[in-house]
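The lines below spell out each chain.
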Amino acid sequence: MRFRTCLLGGAALAILGACGAYALTLRSSMAAITPPSQASFDKVTVEKGAILAAIADCTVCHTAPGGEPFAGGLPLKTPFGTLYSTNITPEETTGVGSWSLEAFKRAMREGVDRQGDYLYPAFPYTHYNHVADDDLAALYAFLMTRRPVKATPPPNDLIPPLGFRPLLAGWNLLFLDEAPFAPAEDQSAEWNRGAYLVEGLGHCGLCHTPLNLAGAEKTSKTFAGGVAEGWTAPPLDASNPNAARWSVDRLTAYLRSGLDAEHGVAAGPMGPVTHGLSTVPEGEVRAIAVYITSKMETGESAQQHGESLPAAKPLDNAEEAAATHQAGAAIFAGACAGCHGTGAPMSSDGRPSLALTTDLAADDPRNTIQTILQGIPELAGQKRPLMPSFAGVFSDRDVAEVTAYLRVRFTDQPAWPNLHDAVVEARNEGEKP
Amino acid sequence: MKRSASQLNRRAFLGAGALTVAFAMAPRALAQLPGASGGTAVRPDLPGDLKSTPMLDAWIRIDAKSAITVFTGKAELGQGIKTALIQVAAEELDVDPGTITLVTADTARTPDEGLTAASHSMQDSGTAIMNAAANVRMLLTNAAARTMNVAPETLSTSGDGQIHGAGGKRLSYGEIAASLSLHVEAQPNVPLRDPASYRTIGTSWPRVDIPAKVTGGEAYVQDLRLPGMLHARILRGPSSGTRLKNPPIDAVAKMSGVVKIVQNGAFLAVVAEEEWTAITAMRALQAAPFERTAPPLPQTGVVETLTRLPSRPITVLDAAGGTAVPVRTIKARYTRPWLAHGSIGPSCAVAWFKNGEMTIWSHSQGIFDVRRVAADLLGLDIENVHAIHAEGAGCYGQNGADDVAADAALIAHELEGHPIRLQWMREQEFGWEPLGPGMFVDLEAAMDDQNRIVAWRHDVWSTPHNTRPNTAGGVLAGWEVTPPFKAPEPQPIPMPEGGGDRNSNPLYALPAMNVVYHFVPEMPMRTSAMRSLGGHMNIFAIEQLFDELAASAGIDPLDLRLAHMTDQRARDVMTLAAERFGWSARPRGDGRRGCGMGFAQYKNLEAYCAVMMEVEVERETGDYRVKRAVAAVDCGQAVNPNAVANQIEGAIIQAISWTSREMVTTKPTHLTSFDWGSYPILRFSSVPDAIEVHIVDRPGMPFLGTAEAGQGPAGAALANALAAAIGVRLRDMPLTPVKVKAAIGVI
Amino acid sequence: MTLTLNVNGQTRSVEADPATPLLYVLRNGLGLSGPKYGCGLGQCGACTVQLDGEAVFSCLTPLAVVGERPVVTVEGLGTGEAPSVLQKAFIYEQAAQCGYCIAGMIMRAQALLDANPSPSDAEIRAHMEPNLCRCGTHMRILRAVRRAAGSKNAETEAVR
Ligand code: FES
Ligand code: FES
């Protein structure tokens, strides 16, 4: 969820900005404060804030590779140029040390910084505006008790005229839903907690919902799936190809471990999300899972049985696939079978057969391609599946061949069209800024 | 003294085939203990392994052209032993090391010096070769004196392989050797060269094995290629205590390129012309389900697992003394999970059964035991089995080497005439090699009002650290064939070497010490020797308790150690490390940075080593890294200082990996650590910014084993540095970032 | 089937199934000992060779994808008699214990030096991340790569 190619189509935006109420674009600067001392926050509030920050995954966007946590500077590649995340440590001049709680709340809810400048909606204030006051106060307490780091991110590099922030006023007018979160009375407390977290701090929709031309979530298609950093964020509604196999237990475990034996590994931008959730109390993650599975329309039955539907014996059309995709079969045998073939050792450790992964069953081949190109890198000594990148080994044609083979061998879905183009595109999208 | 790479290249490795040279070996018997000499001491008055093999020509031979061959029963494991032994021989023979060819462990050619283990090689073999060489130089000098008709005292050597007399007279070693028998017993107390005039010892002579290793030479058993060689793969369940259920043998036997499926009881292997075919066939067979043949693996932590099993208490130390009244008592428990050796290259062996004779190339640490095991397994006369050491990937104790050698022999026995190369797969090495035992230590100490430690109680629990095979009952294949061989009852290794209790007796001068080893013979997971054995755990515990005591008394941890240390050499390494580290001016713990130290004399018998480390912790995540490590080591006479430094650096990095992140994980049915994703070890991004190793020079002093001396002190230094940094002490390995973060809390 | 490979500057033909990973063809078919089997899973780097200048895991590179792209193994850099600059640096720094990982280390480092003749310490570490060494020779490997790069920011050297 690190980031989503949001932001607006250039032309659309220009028009919006031009006709957008000019008066709205002028936001006041809020008074700078002296950074409050650590002692001015109580520990319980800070601890609560830490959990909320983990659910929001602040550190993922606000930490540059190898940089200090929360000090910003992570480049976020967009079709409109590159944005750099900001320093949210309580440092007085380069961070948020001089921000009052009120200034912080305004930023979180309205996307306007203390000085009165608009923030880009890559920062998910469209979700954070649902967050309750005391939770924002806890988050504030958490951030203000971090180690102050003096660091200024590189300037954003956006195509004109997007560098002109007042244009965002028009965008907000159209897409910022300021209604507070309203619990559904016919749902359980757990479901409502999940809804609050998912719609608010968790900002799941930012990746898992398709965006319109202006880079805002299509509210009519909430959770119908989206694209993030060149990866598909699978649908979290009934159209999820493996919806039937998700139960609350499974999804909870997946979100906290990044691995599910009947689904796959959290790869791409989802990897850091599950890493963040591994530190969150299980109850909170379970609430998230309750809500999401209800959106997939599997929650209730699964909850009743406490288990998902048992998977059918994993599909394996090995012979058919080898006959139709000879080149792909050779590549698979030499490069993939060591881990994913029948009798490979990883199958004994509860790692899913390829036939059970969501990526191969999806309508879009993007995640399969990205996983092949980028692999699943090691995360600082953590025990988790490792897969090497094949970007330097396979040509686009090789990737297309093996992808086509996988689809036939491990699914009963129709062949993906135009795989070669999809590989070329995925290579470009997956490139780090 | 420096030699160019080309001169060093391709010096005798891989034992040059099955060349059989029979010559004088002392009879041998005796069960093996790690590091113990292989043979019976027939001449206890002689130094090192000359005790069991006193004949000089068992160690050194010189031909008429002055070519010198030196024989050792020890093996190159990556510790640089070849280079060091050549240096020792060159020094005492007084020749250029480049003129020496070294033959390592080979049952037909070299003395049986038992295992290459427990950092004993320099002590056992180095000492023997040193004295044998001195004997040979004396015999050459005496013979030359007779030929020249002068008194031996008038002759000298000058490092060029000649005996020099007055007036420019000289004789080359070859000329003399032609009529001199070295088939004589060594004499004790033969004069050694004066350390002040050493030419080779003490210099960092370039390692002889490296040029081939960096240019693609055939340096390893894995690289051995014999005419008509076939490739084999072994078929087993995912880990020890499992077996495959109904693998599709008939179908796979028909695969093109498959030569044979070897089956004997539960032993199953596939042999093919091409290695890739063997692997493909193996996968097809392995697609079968597996079943557990042993009790389920415990799913509890190490303390619960070990205390639930029967144990035998062994008193290591029971010293009462001192009368001072304790005023402060500290008690703590330290744990370590099961660890994997994790050699980068999985175990491999080549075996060839021809004309009733079996030849095995193996990277086992006990090549003479490989021979015994194979003879026992196959019912062959021991004389008909020949085992030759060939290097493998670094081994840090008993990994799969011995098992794979027996596997290969069993397969080769079924395919007479064909050399068989068998390499285990990565996951097989993880699943089937014996593990480094899980352990825990309960430690309690008390101080009096003068800050003297007046009471010390150490209880350590562990499964066996030595299940090395010397019969077919010690290897996997032996348990699988019909009828199966019975595994011998594991035995503890007695102190002073010790197994789980190795280094449980602190070197510190403490008036009252009570140390008990709770030996747990049953092994829920197969365990055996892993580098430093119990030393890593015991030193981790002892050295942390010292820091806790120091903190409770408000004393510098170094000062507390020095106040309880009377051994001057121990004091010297600690103070040298402190000086080079800048201990007194070190950054004090500030929540993020901290420094710590660890010290031990390995086994209280071998090298002294002190390690100091500085760590930096990221409080938000608990991630941390070692910024720098400084070690000081005293290994007696350092033969090759750079090689000593290399060993200590390696020990530090390996110990950081063990201590900070490693843990074998299980399900009831099998181990779930099977690759580098499920068993992560330290990578480049996490190794320290800098490591310095300083060597205390001890010219002429006896060699002290070095290769395992760094493990314990480094693990302890890391734990102490972390505690200094974050103000909370972690005692349960691995010291992961998650545990560090939990200890730090939110702020 | 017969396939043609370009290995260490020579055209070699091999008889093999196109699925066969390059590693086994280099070792067994062409008799090269440099690339090593370590895991066969692309996780350790013992098998690293250069493919068209890039460091790749030969254990997971099927012949089918190699085509005419040039393959270089450690044998292609230099020999025991005439080692390359990088190989010499490894010898000089005694940058090996068992050495099993080293040929792979050299091939990965060579790919870096070809692309960036004077990498920083951080760049070297990041680039070498895919390759494992169990003996703990890392500090020396880093020194050897820096030495070959002629880089001046050499860290504190161990006493030799
Ligand atoms: S053997 Fe290829 S990466 Fe390990
Ligand atoms: S030197 Fe042994 S694995 Fe690297």
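What you see is a predicted model, and the numbers here were worked out from it, not measured in a lab.

Chemist: Pulling in residues and values, what's your account of the overall build of chain C?
Modeler: Across its full length, chain C holds six helices and five strands. Going from the N terminus to the C terminus, chain C shows its helices and strands as β-β-α-β-β-α-β-α-α-α-α. Relative to the globule expectation of 15 Å for 160 residues, the C-alpha radius of gyration of chain C, 16 Å, shows essentially globular dimensions. Projected onto its principal axes, the C-alpha coordinates of chain C cover approximately 55 × 30 × 25 Å. Intrachain contacts of chain C at a sequence separation of at least 6 include 54% that bridge at least 24 residues. Approximately 5,000 Å² of chain C is accessible, and the part contributed by carbon and sulfur atoms is 51%. Averaged over its 14 positive side-chain charges, chain C has a centre that lies 9 Å from the centre of its 14 negative ones.

Chemist: Explain the overall build of chain A to me, using residue names and the numbers behind them.
Modeler: If you tally the helices and strands in chain A, you get 19 helices and seven strands. Buried residues in chain A amount to 56% of all 433 residues. Of the contacts made within chain A by residues no fewer than 6 positions apart, 70% connect residues no fewer than 24 positions apart.

Chemist: Just give me the short version of the confidence of the model for chain C, but keep the residues and values in it.
Modeler: Residue and element names in this part refer to chain C. Confidence in the prediction of chain C, expressed as mean pLDDT, is 93, and 94% of residues score 70 or more. Across residues 151-160, confidence stays below pLDDT 50; counting only partners more than four residues off in sequence or on other chains, it has 30 contacts. Here the prediction assigns the complex a pTM of 0.93, and the interface score ipTM is 0.92.

Chemist: Can you break down the pattern of salt bridges residue by residue, with the values?
Modeler: Scanning the entire structure with this criterion turns up 70 salt bridges over all chains. Among the salt bridges present, the one from Arg-397 of chain A reaches Glu-401 of chain A, with a minimum N-O distance of 3.8 Å. Of this pair, Arg-397 of chain A and Glu-401 of chain A both sit in helix H18 (residues 396-410), four residues apart, which is roughly one turn of the helix. Exposure remark for Glu-401 of chain A: the relative accessible area of 24% places this residue in the partly exposed category. Put simply, Glu-275 of chain B and Arg-233 of chain B hold a salt bridge, and the shortest N to O gap is 2.6 Å. One end of the pair, Glu-275 of chain B, is in helix H7 (residues 275-286); the other, Arg-233 of chain B, is in strand S7 (residues 230-234), with 42 residues separating them in the sequence. For the residue pair Glu-275 of chain B and Arg-233 of chain B, the accessibility class agrees, reading buried in each case.

Chemist: Kindly report on the interface of chain B and chain A, identifying the contributing residues and their values.
Modeler: Across the boundary between the two partners, chain B contributes 25 residues, which contact 30 residues of chain A. Taking both sides of the interface into account, the surface hidden between chain B and chain A amounts to around 2,300 Å²; carbon and sulfur atoms contribute 55%. Linking chain B with chain A are three salt bridges. Between Glu-378 of chain A and Arg-683 of chain B there is a salt bridge whose closest N-O contact spans 3.5 Å. Taken together, the connections running from chain B to chain A amount to eight residue pairs in polar contact (both at pLDDT 80 or more). Residue contributions to the side of chain B that touches chain A peak at three residues, all from H7 of chain B. Taken together, the residues of the side of chain B that touches chain A break down into nine nonpolar, seven polar and nine charged.

Chemist: Could you give me a rundown of the interface of chain C and chain B, with the residues and numbers involved?
Modeler: The interface is formed by 60 residues belonging to chain C together with 73 residues belonging to chain B. One salt bridge in this structure joins Asp-223 of chain B and Arg-27 of chain C, with 2.8 Å as the shortest N-O distance. The tally of links between chain C and chain B comes to 38 residue pairs in polar contact (both at pLDDT 80 or more). Listed by contribution, the elements that provide at least two residues to the side of chain C that touches chain B are helix H1 (22-29), helix H3 (85-92), helix H4 (102-115), helix H5 (121-128) and helix H6 (138-149) of chain C. Residues of the side of chain C that touches chain B, tallied by class, amount to 30 nonpolar, 19 polar and 11 charged.

Chemist: Got a sec to walk through the domain arrangement of chain C? Specific residues and values, please.
Modeler: All names here are of chain C. Once the domains are mapped, chain C shows domain 1 (2-76) and domain 2 (85-159). Each of domain 1 and domain 2 was reduced to a C-alpha centroid, and the two centroids are 22 Å apart. In this complex, domain 1 contributes 17 residues to the contact, which on the side of domain 2 involves 13 residues. Of the roughly 1,200 Å² buried between domain 1 and domain 2 on both sides combined, carbon and sulfur atoms contribute 58%.

Chemist: Please provide a residue-by-residue account of empty space enclosed by the protein, values included.
Modeler: Residue and element names in this part refer to chain B. Counting across every chain of the model gives 15 cavities of 30 Å³ or more. Empty space within the second largest cavity amounts to approximately 590 Å³. Along the walls of the second largest cavity sit 41 residues, with Gln-79, Ser-119, Gln-647, Thr-706 and Ala-707 positioned nearest its centre. Top contributing element to the lining of the second largest cavity by residue count: helix H16 (residues 641-661), with three residues.

Chemist: Quick one: what's the story with the pairing of strand S2 (residues 81-84) of chain A, residue by residue and with numbers?
Modeler: All names here are of chain A. With four bridges connecting them, strand S1 (residues 75-78) and S2 associate as antiparallel partners. Its bridge partner being in S2, Lys-77 is matched across the sheet by Thr-82. Between S1 and S2, which pair antiparallel and follow one another directly, the connecting turn spans two residues. Pairing between S2 and strand S3 (residues 157-158): two bridges, direction antiparallel. The residue of S3 that forms the bridge with Thr-82 is Asp-157.

Chemist: How would you summarise the nonpolar core if you had to cite specific residues and measurements?
Modeler: Nonpolar side chains in soluble globular proteins generally cluster together in the buried interior. Core analysis: the largest hydrophobic core is formed by 89 residues, its most contacted members being Trp-456, Phe-599, Met-613 and Ile-652 of chain B. Within the second largest apolar cluster, 71 residues are counted, among which are Ala-267 and Ile-376 of chain A together with Val-258 and Ile-279 of chain B.

Chemist: Quick one: what's the story with the packing of aromatic side chains, residue by residue and with numbers?
Modeler: For the structure on display, the rule yields 22 aromatic pairs over all chains. An angle of 40° between the planes, with centres 6.3 Å apart, marks the rings of Phe-123 of chain A and Tyr-125 of chain A as tilted. For Tyr-125 of chain A, a relative accessible area of 0% translates into the label buried. Taken together through their ring pairs, the aromatic side chains of Trp-456, Tyr-508, Phe-546 and Phe-599 of chain B make up a single cluster. Over the ring of Trp-432 of chain B we find Arg-236 of chain B, and its NZ or CZ is 5.6 Å from the ring centre. Positioned above the aromatic ring of Tyr-100 of chain C is the side chain of Lys-36 of chain C, whose terminal nitrogen or guanidinium carbon lies 6.0 Å from the ring centre.

Chemist: Tell me about helix H6 (residues 133-144) of chain A, residues and numbers included.
Modeler: All names here are of chain A. For H6, built from 12 residues, the straight-helix expectation of 16 Å at 1.5 Å per residue is met to within 8% by its first-to-last C-alpha distance of 16 Å. Burial analysis of H6 places nine of its 12 residues in the buried class, the great majority of the element. Every buried residue of H6 is listed here: Asp-135, Leu-136, Ala-138, Leu-139, Tyr-140, Ala-141, Phe-142, Leu-143 and Met-144. Against the buried residues of H6 lie helix H2 (43-56), helix H4 (101-110) and helix H8 (189-199).

Chemist: Can you explain the sheet that holds strand S18 (residues 439-447) of chain B? Please cite residues and give values.
Modeler: Residue and element names in this part refer to chain B. An order of S12-S20-S19-S18-S13 is seen for the five strands of this open sheet, with the pairing classed as mixed. At either margin of the open sheet sits one strand with a lone partner, and together these are strand S12 (312-319) and strand S13 (328-336). Neighbour-to-neighbour, the strand axes of the sheet open up by a mean angle of 10°, direction not taken into account. In the sheet, S12 pairs with strand S20 (residues 513-519) via seven bridges, with the strands oriented antiparallel.

Chemist: Break down the side chain of Gln-43 of chain C for me, citing the residues and quoting the values.
Modeler: Here Gln-43 of chain C lies in the loop between H1 and strand S3 (48-51). Within the structure, Gln-43 of chain C has its side chain in polar contact with the side chain of Asp-675 of chain B (distance 2.9 Å).

Quick notes on the rules
- Every chain is numbered on its own, with residues counted from 1 as its sequence reads.
- Note on labels: chains are lettered from A, ligands numbered from 1, in written order.
- Given that this is a predicted model, residues contribute local features only at a pLDDT of at least 70 and side-chain atom pairs are listed and counted only at 80 or more, while totals for whole chains, interfaces and linings are drawn from all residues.
- For side-chain calculations, the full set of non-hydrogen atoms in the structure is used, while hydrogens and water are omitted.
- Comment: elements are numbered from the N terminus, with helices defined as DSSP H or I runs of at least four residues and strands as E runs of at least two.
- The globule rule is 2.2 Å times the number of residues to the power 0.38, and the radius of gyration it is compared with is taken over C-alpha atoms.
- Any pair of residues with heavy atoms lying within 4.5 Å of one another is described as a contacting pair.
- Here the Shrake-Rupley method, with its probe set to 1.4 Å, supplies the accessible areas, and only the displayed protein chains count as covering residues.
- His is not counted, nor are the chain ends, whereas Lys and Arg count as positive and Asp and Glu as negative.
- For this purpose, a charge sits on NZ of Lys, CZ of Arg, CG of Asp or CD of Glu.
- Each residue gets one of three labels from its accessible area relative to the maximum for its type: buried under 20%, exposed over 50%, partly exposed in between, using a 1.4 Å probe on protein chains only.
- Note on scores: pLDDT gives the predictor's confidence for each residue, bounded by 0 and 100.
- What makes a salt bridge here is a side-chain nitrogen of Lys or Arg within 4 Å of a carboxyl oxygen of Asp or Glu, nothing more.
- The term buried area refers to how much accessible surface (probe radius 1.4 Å) is lost by two components on association, counted for both of them together.
- Polar contacts here mean pairs of N or O atoms no more than 3.5 Å apart (in protein, one a potential hydrogen donor and the other a potential acceptor; neighbouring residues in sequence count only if both atoms are side-chain atoms).
- Three residue categories are used. Nonpolar comprises Ala, Val, Leu, Ile, Met, Phe, Trp, Tyr, Cys and Pro, charged comprises Asp, Glu, Lys and Arg, and polar comprises the others, including Gly.
- How far each domain reaches was decided by an automatic or database domain assignment.
- A cavity here means a set of points on a 1 Å grid, drawn over the protein atoms and nothing else, where a 1.4 Å probe fits but cannot get out; a pocket is an open set with protein on both sides within 12 Å along at least five of seven lines, and a residue lines either one if it has an atom within 4 Å of a point.
- Grid points are joined across faces, edges and corners, and a volume is the space filled by probe spheres set on the points.
- A pair of strands is considered paired only if DSSP assigns at least 2 bridges between the two.
- Here the nonpolar core consists of buried residues drawn from Ala, Val, Leu, Ile, Met, Phe, Trp, Tyr and Cys, with membership extended through side-chain atoms lying within 4.5 Å.
- Pairing of aromatic side chains requires ring centres within 6.5 Å, counting the rings of Phe and Tyr and the six-membered ring of Trp. Pairs whose planes differ by under 30 degrees are stacked, by over 60 edge-to-face, and all others tilted.
- Each ring is checked for a lysine NZ or an arginine CZ that lies within 6 Å of its centre and within 35 degrees of its normal; such an atom marks a charge sitting over the ring.
- The length a helix should cover is 1.5 Å for every residue beyond the first.
- Axis lines are fitted through C-alpha atoms, for helices just across the contact stretch, and the angle between N-to-C directions can take any value from 0 to 180 degrees.

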